[in-house]
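So the chains spell out like this:
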Amino acid sequence: MDDPSDDPPTSAVLLDSCHFSQVVFNNVEKFYVPGGDVTCYYTLTQNITARGKDWVGIFRVGWKTTREYYTFMWAPLPAAGHGDTAVQQKIQFKAYYLPKDDEYYQFCYVDQDGMVRGASVPFQFRAETEDDILVVTTQGEVEEIELQNKNLHRENEELKASCASLQKQNVELQEELKKTQELQGSLESLRSSTEKLELELNSLKMENKDLKERGDCREAELQQLKEQIRSVTSEKERLENRLKIALDHMDQLQSQVLNYEKEVENLSHVGQDKTEQLETLKEENHQLRLSTAQQVKPSSAGKAQLSSSSLGLPSLDLPFLNPGLPTPFLSQQRDLMKELEEQKQLFQVLQAEKDEADEESQRLRAENSALLRHLSQAAEFSPLSSLPRARAPVPAPGAGGLLFGNPYSVYLGFVGFFFPPLQAPLRECPMCEEVFPEAVGASQYEAHVRSHLLECPLCPESFEKSNKQVFEDHLLCHRLE
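The numbers attached to residues start from 1 for each chain and follow its sequence in the written order. Given that this is a predicted model, residues contribute local features only at a pLDDT of at least 70 and side-chain atom pairs are listed and counted only at 80 or more, while totals for whole chains, interfaces and linings are drawn from all residues. Each side-chain value is worked out from all heavy atoms of the structure, with water and hydrogens disregarded.

Applied cut-off: UniProt positions are given in the numbering used here, feature names are shortened, and annotations may be inferred rather than shown by experiment.
Going by what an unreviewed UniProt entry lists, the chain is known as Calcium-binding and coiled-coil domain-containing protein 2 and is assigned to Cephalopterus ornatus. One UniProt comment on the chain, placed under Sequence similarities (unreviewed entry), says "Belongs to the CALCOCO family."

## Notes on the overall build of the chain
Note the threshold: A run of H or I in DSSP counts as a helix once it spans at least four residues, and a run of E counts as a strand once it spans at least two, with each numbered from the N terminus. Using a 1.4 Å probe on the protein chains alone, a residue whose accessible area is under 20% of its type maximum counts as buried, one over 50% counts as exposed, and one in between counts as partly exposed. Contact between two residues is taken to exist if any of their heavy atoms lie within 4.5 Å; hydrogens are not considered. Computed with the Shrake-Rupley method and a 1.4 Å probe, the accessible areas treat only the protein chains shown as cover for residues.
Helices and strands together make up the secondary structure of the chain, namely 6 helices and 13 strands. Per-residue burial for the chain yields a buried fraction of 27% across its 481 residues. Long-range pairs, those at least 24 residues apart, make up 65% of the contacts in the chain between residues at least 6 apart in sequence. Split by element, the accessible area of the chain, about 32,700 Å² in all, is 53% carbon and sulfur.

## Some points on the sheet that holds strand E1 (residues 23–26)
Cut-off, in case you're wondering: Two strands pair if DSSP finds at least two bridges between them. Inter-axis angles, ranging from 0 to 180 degrees, are taken between N-to-C directions of lines fitted to C-alpha atoms, where helices are fitted over the stretch in contact.
Taken in spatial order, the 3 strands of this open sheet run E1-E3-E6, and their pairing is antiparallel. At either end of the open sheet lies a strand with only one pairing partner, and these are E1 and strand E6 (87–93). Strand-to-strand twist in this sheet, taken as the mean axis angle between neighbours without regard to direction, amounts to 30°. The pairing of strand E3 (residues 38–44) with E6 spans 7 bridges and is classified as antiparallel. Along E6, the bridge assignment pairs Cys40 with Ile91.

## Some remarks on helix H5 (residues 442–450)
Applicable threshold: It is the directions from the helix axis to the C-beta atoms whose arc is reported.
Buried within H5 we find Tyr445, His448 and Val449. Seen from one end, H5 has its buried residues packed into an arc of 100°, which puts them on one side. On its buried side, H5 packs onto strand E10 (427–428), strand E11 (435–436) and strand E12 (453–455).

## Describing helix H6 (residues 468–480)
Condition: One less than the number of residues in a helix, times 1.5 Å, gives the span that helix is expected to have.
Helix length check: H6, at 13 residues, gives a terminal C-alpha distance of 19 Å against a target of 18 Å (1.5 Å per residue), a fit within 8%. Among the residues of H6, Val470, Phe471, His474, Cys477 and His478 are the ones counted as buried. Relative to the axis of H6, the buried residues are bounded by an arc of 115° and lie together on one face. Counted as exposed and oriented over 90 degrees from the buried face of H6: Lys468, Gln469 and Arg479. On the buried face of H6, the contacting elements are helix H1 (139–291), E12 and strand E13 (462–464).

## Some remarks on the pattern of salt bridges
Put simply, the rule reads: Counted as salt bridges are all cases of a side-chain nitrogen of Lys or Arg within 4 Å of a carboxyl oxygen of Asp or Glu.
One pass over the full model with this rule turns up 10 salt bridges. In this structure, Glu221 and Arg218 form a salt bridge, with 4.0 Å as the shortest nitrogen-oxygen distance. Of this pair, Glu221 and Arg218 are both found in helix H1, 3 residues apart, which corresponds to roughly one turn of the helix. Of the residues examined, Glu221 reaches a relative accessible area of 41% and is grouped as partly exposed. In this structure, a network of salt bridges that share partners links the residues Arg51, Asp111, Asp113 and Arg117.

## Notes on empty space enclosed by the protein
Formally: Think of a 1 Å grid over just the protein atoms. A cavity is a set of points where a 1.4 Å probe fits yet cannot get out, a pocket is an open set with protein on both sides within 12 Å along at least five of seven lines, and lining residues have an atom within 4 Å of a point. Grid points are joined across faces, edges and corners, and a volume is the space filled by probe spheres set on the points. Ten residue types, Ala, Val, Leu, Ile, Met, Phe, Trp, Tyr, Cys and Pro, are classed as nonpolar, four, Asp, Glu, Lys and Arg, as charged, and the remainder, Gly among them, as polar.
The full count for this structure, using the stated rule, is 4 cavities of 30 Å³ or more. Space inside the second largest cavity adds up to approximately 60 Å³. Surrounding the second largest cavity, Lys274, Thr275, Leu278, Leu336, Glu339 and Leu340 form its lining. Sorting the residues of the lining of the second largest cavity by element identifies H1 and helix H3 (327–379) as the ones contributing at least two each. Per-class residue counts for the lining of the second largest cavity are 3 nonpolar, 1 polar and 2 charged.

Here it is in structure tokens:
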């Protein structure tokens, strides 16, 4: 017999539900001698299909279920080709595993579902006797045996009913067991799902904590940036105010310079007239000198030169100051010389004021440049620092430029710094705000912008048509050069 721990498949099915004709046992002896191996011969009919867990057991006569086997052997599988024909098989039971008493036993073929498919005739395990014994019984014994058979039959019916009830209870218990197993599987699935959800919850809690910490850091950085922005904005406003004051002061100085230049131009015209009058007087003096040359004495000429030096006049070659001239001519010459000297002194004073104004203008330009550089550095910390900056350069006065520079160039650079051009797919005219799509060429766009400007014919400067007075002042500055 195989390993006893490998129990064969059995069931609690009653004998009435079994099919004993599917396997037929052959050559079964009436008794087998104890101590020897027993060979069981059987035939598999075409109504049964042998499977790997089929087995042949030895049962005591009167068994109720397949669980009551005494010993068993695994049924060998038939050779290939078994189908519609019967197959002869045999199994050998070892003597060690056979019963030792003289009760009646029988062979039974049980499939892997625990159903009996065939049973043999009863046999015994006892020694072989010489003669058969003839048993004679009386009528009373027969009646007693019949009564015992009836009692046994009644007990058998009761046992069948009890077995049916137990079988029904077994089916119900199996169904409940199946449901319990299903519930247990669902419970295990729920437990695994709960564990996964707990892990995910812990992970989300850690992520939430991390996000909160990062949010706090971002909030602190944001507050710091806001403080920096407020500081930079206040500094920017302060610098803007200083720049505005400087621009106003510069405009005032430019207007003063223009007034000085106009006065210088007027004085130059007056000086030119005086020079012409002086030339006329020189000519008249020359004529008078020629007419009175013979009457002049050398000593008189020395006295005239001494009186001229005592008057504090400039060291000019004035040979026409002749004391021999009539008194009205001499006084007129002296007045003209004195007026010319005053004009020259006034011209020197105006020239000194003009030089001071130029120095002040240069100083203001340097201060404006420093302010603009400071603003450009401060703008890097502002939220608008990501936008492109465009600042118009301030041209320095050259040979072909204005004498005092363009008074509006710093203002234009200031406007270009605080209002940078946006890099957008649509171009917009800065004068009339007309929008030009990308399809319009750059030359057409530039021609449209130039149509709003007044260009200086003497230098590269240009002005808006609305600032015509500024343009005329600019041309006037060119004429004064």
